[in-house]
Structure formats: C-alpha cells, structure tokens
Amino acid sequence: MKGKIIKSTGSWYQVLEMETGKIFEARIRGKFKLIKTRLTNPLAVGDFVEFQLEKDDIAWITKIEPRKNYLIRKSVNLSKEAHIIASNIDLACFIFTLKFPETSLGFLDRFLACCEAYNITPLILFNKMDVLDDEEKEVIKDIEFLYREIGYETLEISSYSKLNLESLETILKDKTSVFFGHSGCGKSTLVNALQPDLNLKTSEISETHLKGKHTTTFAQMYFWNFGGNVIDTPGVREFAMIDIEKEEVQHYFPEIFKKREECKFHNCLHINEPKCAVIASLETGDIQYSRYSTYIKLMDESDENFQK
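Note that the coordinates shown come from a computational prediction; the quantities given were computed from them, not determined experimentally.

About the criteria used
Residues numbered from 1 in each chain as written. Predicted model: local features only at pLDDT ≥ 70, side-chain atom pairs only at ≥ 80, totals over all residues. Heavy atoms only, no water. Pairing = 2+ DSSP bridges. Helix = DSSP H or I, 4+ residues; strand = E, 2+ residues; numbered from the N terminus. Contact = heavy atoms within 4.5 Å. Expected span 1.5 Å × (residues − 1). Buried < 20%, exposed > 50% of the residue type's maximum accessible area, 1.4 Å probe, protein only. Arc of directions from axis to C-beta. Polar contact = N/O pair within 3.5 Å; in protein donor to acceptor, adjacent residues only side chain to side chain. pLDDT = per-residue confidence, 0-100. Salt bridge = Lys/Arg side-chain N within 4 Å of Asp/Glu carboxyl O. Phe/Tyr/Trp six-rings, centres within 6.5 Å; stacked < 30°, edge-to-face > 60°.

Asks: Looking at this model, I keep getting lost on the pairing of strand E5 (residues 59-64). Mind explaining?
Replies: The side chains of a regular strand alternate between the sheet's two faces. By the bridge criterion, three bridges tie strand E3 (residues 23-28) to E5 in an arrangement that is parallel. Pairing of Arg27 across the sheet is with Trp60, part of E5. Across five bridges, strand E4 (residues 48-53) lies against E5 in antiparallel orientation. Pairing of Phe51 across the sheet is with Ile61, part of E5. As consecutive antiparallel partners, E4 and E5 are separated by five residues, and within that stretch Asp56 has a phi angle of approximately 65 degrees, a positive value.

The structure is reproduced here in structure tokens:
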C-alpha cells in the first residue's frame, strides 16, 4: 500500500493512504538512511512511503520513496545531528515579523540559502502588518525591495486585518506548502485565518522576552478546502545546510553567484582575494552586508561540518 506521512510525533506516524484517503497509525520497520549526516528522524511529514497493514489496522512502513527536496534544521541538543522538518515541498513560506517577535535578516538569509540548496521555491511573508506604525512599514518596504531585487517573491499580510489573504490563498492553491518562522510569528494563527475550521492552537507572545512560546510541538499536514495542503511546523531557531562544501555556499546566494564571473580568480571565495567583484559590490551597495555576513558564517560552518 502507498501513502503519505501527514503527522510525525517521533516514534509514531500518521499515514494517509493515497487511494482511499483513510488515515492509519504507523511505525517504522527497518532502517532508513538516505543522507550521510546522522538524522534524529528517518521520516518526515511529506514523505511518500509504502506500508503494510497488520492486526488492529496498525501500519508498518517498509519503504520510503526518493524525496524531491527537504528542509533541515540543526538538532536542538546534538550539534552534529540534523532533523528533517518537511519533505516534497512545492512552496516554503517564511513568516517574517518586524516585532512580536523580531526576526533577524540573518535567519531569513539562512532559510533562503537552504531553499536554494535543496531546490525549494521560497515566499517571504511579512506578517503582523497591522501592528506596525508608518515608520516601521517603511522598514518593511526597504527589506522587501532588497529581496525582490535579488529575485525573491514577497507579500505583506495580516491574519487579523485579512490583508492580502485572498492573494495568499491563490498562491497556495493546489500546492504542498510549509510555513516557517520563529515561535510566535503567527504560523498557526495564519492557518486558522485561511481556514477557520482547522482551529489550530495558538499562544500569546511572552511579554517578558517578547518571544513566542512553542505552540506546535510536532509537524503535521493540514488540507485546505481550496485545494492543496500545508505543513505546520514547530518554531525553528536555526536552519541547517548539511553535506555542503565550502566552495558550494556561494551557489546559494544568487547575487553573489552572479558576481563571481567578474572576479579575477575563477575559484574566488570572496573573502580577501584581490580584485574580488563581490567585495567591490559591498562597497557600492550592490550586495548587502547582512547577506554577505550570513554567507561568511555558512562558509565557516561548512568547514566545521567537514571536520567531523
């Protein structure tokens, strides 16, 4: 029997049987090791699998189909292990909030680099526009301009004022999407605004630290009435790029990769090499320091990963 993983709690999974639409509780039979890095979870929401039914309709997953893509975060407690957040994604929506909680550009850049690395289409959603004053809205406009110039799609939204939710629904229709962002950025609230009958649990921002409390504790797929589905994920603190060599990192920053052709040396890493077009572009403002800073950090981390 063939199915799709629609919920993962760690040791148990829910599998949607493709032909009948029936949902089974499932466990793994055998070991799945698909990428070199040690994983804390062999299966993820979005995976297509084969399974067998035994007594009491318990399903045993026997095979996983090849993934077209996936997104990974670093394991919370184990620095050399990784956790697959979701797989087989058509659209990855990053929910950016200027405040309540504040989202850093570095966190956004890591997400975009991961999307580039694993061949996933990203969409940047600027959420909670209803709580921003005019000056803060101008800050959002500036950030939008920066990322649109690179080539990324953006949309300003609000779950409460319903700003651009119809446009977002059109974008999400008939796709497997996933919502990412810090805890408290409004992922579950947004899902509820798009489809109220799902009634996902939401939580308030901690007034002491202005950070979100974890509401979603495991990944789960929900199906839109208008077509398609969304994978709701726990708040992610850090995305991971694994099994990627130092020289590859520039491939995942489109504006840096484009400039490499103008560098004096074909193998330029854009750190301190002479006549580097990327470093020159920092001085002219064609490449943003915030983006370049994330690029350097990912290069350093790729060195560490390969010294395991």
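Asks: Even after reading the chapter, I still don't get the environment of Ala92, so can you show me in this structure?
Replies: Residue position: Ala92 is located in strand E8 (residues 91-96). Taking the C-alpha atoms as reference points, Ala92 and Thr176, 84 residues apart in sequence, are found 8.7 Å from one another. When sequence neighbours within four positions are dropped, the list of residues in contact with Ala92 reads Leu71, Phe111, Cys115, Ile120, Thr121, Pro122, Leu123, Val178 and Phe180.

Asks: Got a minute to help me understand helix H2 (residues 134-150) in this structure?
Replies: An α-helical turn contains 3.6 residues, so any two residues separated by three or four positions project in the same direction. The first and last C-alpha atoms of H2 sit 25 Å apart over 17 residues, in line with the 24 Å expected at 1.5 Å per residue. Within H2, the full set of buried residues consists of Glu136, Ile140, Ile143, Glu144, Leu146, Tyr147 and Ile150. Buried residues in H2, looked at end-on, bunch into an arc of 160 degrees, giving them a common side. Exposed positions of H2 whose direction lies more than 90 degrees from the buried face are Asp134, Glu135, Asp142, Phe145 and Glu149. A side-chain oxygen of the first residue of H2 lies 3.1 Å from the backbone nitrogen of Glu135; this N-cap is Asp133. One or two residues past the end of H2 sits Gly151, with phi positive at roughly 125 degrees.

Asks: Mind showing me how you'd approach the side chain of Thr176 here?
Replies: Secondary-structure assignment places Thr176 in strand E11 (residues 176-180). With a relative accessible area of 9%, Thr176 lands in the buried category. Beyond its immediate chain neighbours, meaning those up to four positions away, Thr176 contacts Lys4, Asn88, Ile89, Asp90, Leu91, Met221, Asn229 and Ile231.

Asks: Help me understand the confidence of the model for the protein, please; the structure alone is not making it clear to me.
Replies: Segments scoring low in pLDDT should not have their predicted coordinates read at a detailed level. Here the protein shows a mean pLDDT of 88. Residues at 70 or above account for 88%. Note on residues 205-216: pLDDT under 50 across the span, and 29 contacts to partners over four residues away in sequence or across chains.

Asks: Would you mind going over the pattern of salt bridges with me for this structure?
Replies: Where charged atoms from two side chains of opposite charge approach closely, those side chains can pair. Going through the model one piece at a time under the given rule, you end up with 13 salt bridges. Notably, a salt bridge pairs Glu50 with Lys2, separated by 3.0 Å at the nearest N-O pair. Separated by 48 residues along the polypeptide, Glu50 in strand E4 and Lys2 in strand E1 (residues 2-8) bring together distant segments of the chain. Classification of Lys2 by relative accessible area gives partly exposed; the value is 47%. The salt bridge partner of Glu301 is Arg110, with a shortest N-O separation of 2.3 Å. Remark: Arg110 occurs in helix H1 (residues 105-117) and Glu301 occurs in helix H7 (residues 289-305); sequence separation between them is 191 residues. Residue classification places Glu301 among the buried residues on the basis of a relative accessible area of 17%. Overlapping salt bridges bring together Lys2, Glu50 and Glu65 as one network.

Asks: How do you make sense of the packing of aromatic side chains when you look at a structure like this?
Replies: Geometrically, a pair of aromatic rings is defined through the distance of the ring centres and the angle of the planes. On inspection of all chains with the given rule, the structure shows 10 aromatic pairs. Seen in terms of ring centroids, Phe179 and Trp224 are 6.5 Å apart; in terms of plane orientation they differ by 45 degrees. Their pairing is tilted. One end of the pair, Phe179, is in strand E11; the other, Trp224, is in the loop between strand E14 (220-223) and strand E15 (229-232), with 45 residues separating them in the sequence. Trp224 carries the same exposure label as Phe179, and that label is buried.

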